[in-house]
Amino acid sequence: MDHPRVETNGRIGPVNAALTPRYAGLGTFARLPRIEDVSKADVAVVGMPWDSGVSYRPGARFGATHVRESSRLLRPFNPAQSVSPFAELQVADAGDVALNPFNIDEALKTAEEAAAQFVSDGTSLITIGGDHTLALPLLRAHAKKHGPVALLHFDAHLDTWDTYFGAEYTHGTPFRRAFEEGIIDSSGVCHVGTRGPLYGTQDLEDDARFGFGVVTSNDVMRMGVDEVVGFLRERVGDRPLYVSLDIDVLDPAHAPGTGTPEPGGLTSRELLEILRGLRGTNLIGADVVEVAPPYDHAELTGLAAANVVYEYMSLLALGKDAPAGGPAYGESNTTYGESK
Ligand SMILES: N=C(N)NCCCC(=O)O
Ligand SMILES: [Zn+2]
Ligand SMILES: [Zn+2]
């Protein structure tokens, strides 16, 4: 079936929701075109259906499809940032990478090669789904082009542990490996949203040795979003920035569909607003991982993840020269008029 699309500035946008109901049709991310249907994509959304690195509940292999399904309600204009991402950039869905579920080394190699193809082409990559092990090959692919990158890591967990059952490549270990490989810039790395029990104090000592700053979930509550944003901006400066976001950074009330949930997390409002605060940073790529739909309810987790991706796209559309404050950010009462 042919479904007319929104087209602005010569960019092929989503299927027009005024003509085709949102729940109809095949589900690309935000009902955007497939990458084969555009001449060149500025931004590609790529699914990573793989969860062979998990330590607890499996299910993130189904995350990519779930996030796509939960993205049908996204609309073309983002008032919180005053930007129409699909009009500023050609965004397309590149489908899923076929990752070997039985061989971790091979899967990580495939993921890295697939990512490197987009990155070397100058296409910004946003990946959806999969477990957090995948951050390692994604960082490798970005570092290959940009050198060691700044990293904002949104997560309940540190993910700088060493090994599980002797295995080096797991969803609890990608950022220790990234540090060891020299692909992250230790002066520009920070965790956001950490909480929950650790194995011991050594976990924090190791983590600090790798250079990570830490904004815990409680810090977000105590400092408030604006101060957190100021701290993160200062930390990353204008370095090439990769954002890796484990959906379990959200409280299980906001994102139940994940494999290692930890109570006491961020609200989706806090998370989305912190991401918006990154406008004008040098974002080069981003992921959202650990969405495990078998544990989701009412699409809460899928919707949160889809909106995270939409904020990534908005940041990319605004570009690295966007002013820090911006027309909408921090002036929420003026956005819809009236209530100031
Ligand atoms: N990356 C995520 N979601 N979790 C890591 C938890 C590792 C553990 O079981 O200790
Ligand atoms: Zn986590
Ligand atoms: Zn994680």
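Along each chain, residues carry numbers from 1 onward, in the same order as the chain's sequence is written. Whichever chain is written first is A, and whichever ligand is written first is 1; the rest continue in order. In view of the model being predicted, local features appear only for residues whose pLDDT reaches at least 70, and side-chain atom pairs are presented and counted only at 80 or more, with totals across whole chains, interfaces and linings using the full set of residues. Side-chain descriptors were evaluated using all non-hydrogen atoms of the structure, hydrogens and water having been removed beforehand.

(A) Structural context of the side chain of Ser124. By the element assignment, Ser124 lies in strand 5 (residues 124-128). Per-residue accessibility, obtained with a 1.4 Å probe over protein chains only, is compared with the maximum for each type, and a residue is labelled buried under 20%, exposed over 50%, and partly exposed between these values. Of the residues examined, Ser124 reaches a relative accessible area of 19% and is grouped as buried. Note on contacts: a residue pair qualifies if any of its non-hydrogen atoms lie within 4.5 Å across the two residues. Sequence-distant contacts of Ser124, defined by excluding residues within four places in its chain, comprise Asp42, Val43, Ala44, Ile284 and Leu316. Runs of H or I in DSSP of at least four residues are treated as helices and runs of E of at least two as strands, each being numbered from the N terminus.

(B) Just the coordination of the zinc ion (ligand 3), in detail. Water is not part of the atom set, so a site may look incomplete; the donors themselves are N, O and S atoms within 2.8 Å of the metal, or 3.2 Å for Na, K and Ca. Donor atoms from the polypeptide that bind the zinc ion (ligand 3) are His132 (ND1), Asp155 (OD), Asp159 (OD) and Asp246 (OD), placed at 2.0 to 2.2 Å. In the primary structure, the donors to the zinc ion (ligand 3) are separated according to the pattern H-x22-D-x3-D-x86-D. In this model, the zinc ion (ligand 3) sits 3.2 Å from the zinc ion (ligand 2), the two metals being bridged by Asp155. Take Asp155 and Asp159: they sit in the same class, and that class is buried.

(C) Broad picture of the sheet that holds strand 3 (residues 43-47). DSSP bridges decide pairing: two strands pair if at least two such bridges lie between them. Pairing is parallel in the open sheet, where eight strands are placed in the order 4-3-5-10-9-6-7-8. Two strands close off the open sheet at either side, each with one partner strand: strand 4 (91-96) and strand 8 (213-216). Across this sheet, the average inter-strand angle for adjacent strands is 15°, counted without regard to direction. Strand direction decides the pairing type here: strand 3 and strand 5, joined by five bridges, are parallel. Bridge pairing in strand 5 links Val45 to Ile126. To define axes, lines are fitted to C-alpha atoms, for helices over the stretch in contact only, and angles between the resulting N-to-C directions are given on a 0 to 180 degree scale. This element, helix 10 (residues 300-318), spans strand 3, strand 4, strand 5, strand 9 (241-246) and strand 10 (283-289) of the sheet and lies at about 180° to strand 10.

(D) Representation of the site of ligand 1. As a matter of local geometry, ligand 1 sits amid Ser55, His132, His157, Asp159, Trp161, Tyr164, His171, Tyr199, Asp246, Asp248, Thr260 and Glu290. Think of a polar contact as two N or O atoms within 3.5 Å of one another; within protein, one of them needs to be a possible hydrogen donor and the other a possible acceptor, and neighboring residues in sequence only count if both atoms come from side chains. A distance of 2.6 Å separates an oxygen atom of ligand 1 from a polar side-chain atom of Ser55. Contacts to ligand 1 include His171, whose backbone N or O atom sits 2.9 Å from a nitrogen atom. Contact with the protein chains removes 91% of the 310 Å² of surface that ligand 1 exposes when unbound. Amino acids outside the nonpolar list (Ala, Val, Leu, Ile, Met, Phe, Trp, Tyr, Cys, Pro) and the charged list (Asp, Glu, Lys, Arg) are all regarded as polar, and Gly is one of them. Partitioning the shell around ligand 1 into residue classes produces three nonpolar, five polar and four charged. Any residue with a heavy atom lying within 4 Å of a molecule or strand is counted as near it. All accessibility values rest on the Shrake-Rupley procedure with a 1.4 Å probe; residue burial counts only the protein chains present in the view.

(E) Expanded view of the layout of surface pockets. In this structure, the second largest pocket occupies an estimated 300 Å³ of space. A cavity, in this analysis, means grid points on a 1 Å lattice covering only the protein atoms where a 1.4 Å probe fits yet has no way out; a pocket is instead an open set bounded by protein on both sides within 12 Å along at least five of seven lines, and a residue lines either one if it has an atom within 4 Å of a point. For the second largest pocket, the lining is made up of 13 residues, of which Arg5, Gly25, Leu26, Thr28 and Arg34 are closest to its centre. Residues belonging to the lining of the second largest pocket are distributed by class as follows: five nonpolar, four polar and four charged. Grid points are joined across faces, edges and corners, and a volume is the space filled by probe spheres set on the points.

(F) Spotlight on the side chain of Ser70. By the secondary structure assignment, Ser70 is in the loop between helix 1 (63-69) and helix 2 (85-88). At 3.0 Å, the side chain of Ser70 forms a polar contact with the side chain of Glu299. Not counting residues within four places of it along the chain, the set of residues in contact with Ser70 comprises Glu299, Gly302, Leu303 and Ala306.

(G) Structural detail: the confidence of the model for the chain. The predictor attaches a confidence to each residue, and that confidence, scored 0 to 100, is pLDDT. This prediction gives the chain a mean pLDDT of 96; 96% of its residues lie at or above 70. Throughout residues 333-340 the model reports pLDDT below 50, and contacts reaching past four residues in sequence, or to other chains, amount to six contacts.

(H) Geometry of the coordination of the zinc ion (ligand 2). Protein-derived coordination of the zinc ion (ligand 2) comes from Asp155 (OD), His157 (ND1), Asp246 (OD), Asp248 (OD) and Asp248 (OD), at a distance range of 2.1 to 2.5 Å. Classification of the site at the zinc ion (ligand 2) as irregular follows from its six donor atoms and the range of 56 to 160° in their angles at the metal. Sequence positions of the residues that donate to the zinc ion (ligand 2) give the spacing D-x1-H-x88-D-x1-D. Labels for metal geometry use angle windows, namely 85 to 135 degrees for all angles of a four-donor tetrahedral site, and for square planar (four donors) or octahedral (six donors) sites opposite donors over 155 degrees apart plus all others within 65 to 115; sites meeting none of these are irregular.

(I) Layout of the packing of helix 8 (residues 225-236) against helix 9 (residues 268-276). Between helix 8 and helix 9, the shortest axis-to-axis distance is 9 Å and the interhelical angle comes to 40°. Comparing their axes, helix 9 and helix 8 come out oblique. Here the hand of the crossing between helix 8 and helix 9 comes out right-handed. Side by side, helix 8 and helix 9 meet where Val225, Val228, Val229 and Leu232 of the first sit next to Glu270, Glu273 and Ile274 of the second. By residue class, the composition of the contact of helix 8 with helix 9 is five nonpolar, no polar and two charged. Note on terminology: angles under 35 degrees are roughly parallel, angles over 145 are roughly antiparallel, angles of 65 to 115 are roughly perpendicular, and the others are oblique. With the far helix as reference, a near helix turned anticlockwise by less than a right angle produces a left-handed crossing, and one turned clockwise produces a right-handed crossing.

(J) Representation of the pairing of strand 3 in the model. Where burial is concerned, most of strand 3 is hidden: five out of the five residues are buried. Side chains Val43, Val45 and Gly47 of strand 3 all project onto a buried face; the interleaved residues Ala44 and Val46 project onto the opposite face, where all are buried too. Where strand 3 meets strand 4, four bridges bridge the pair, whose relative direction is parallel. When the bridges of strand 4 are listed, Val43 appears paired with Val91.

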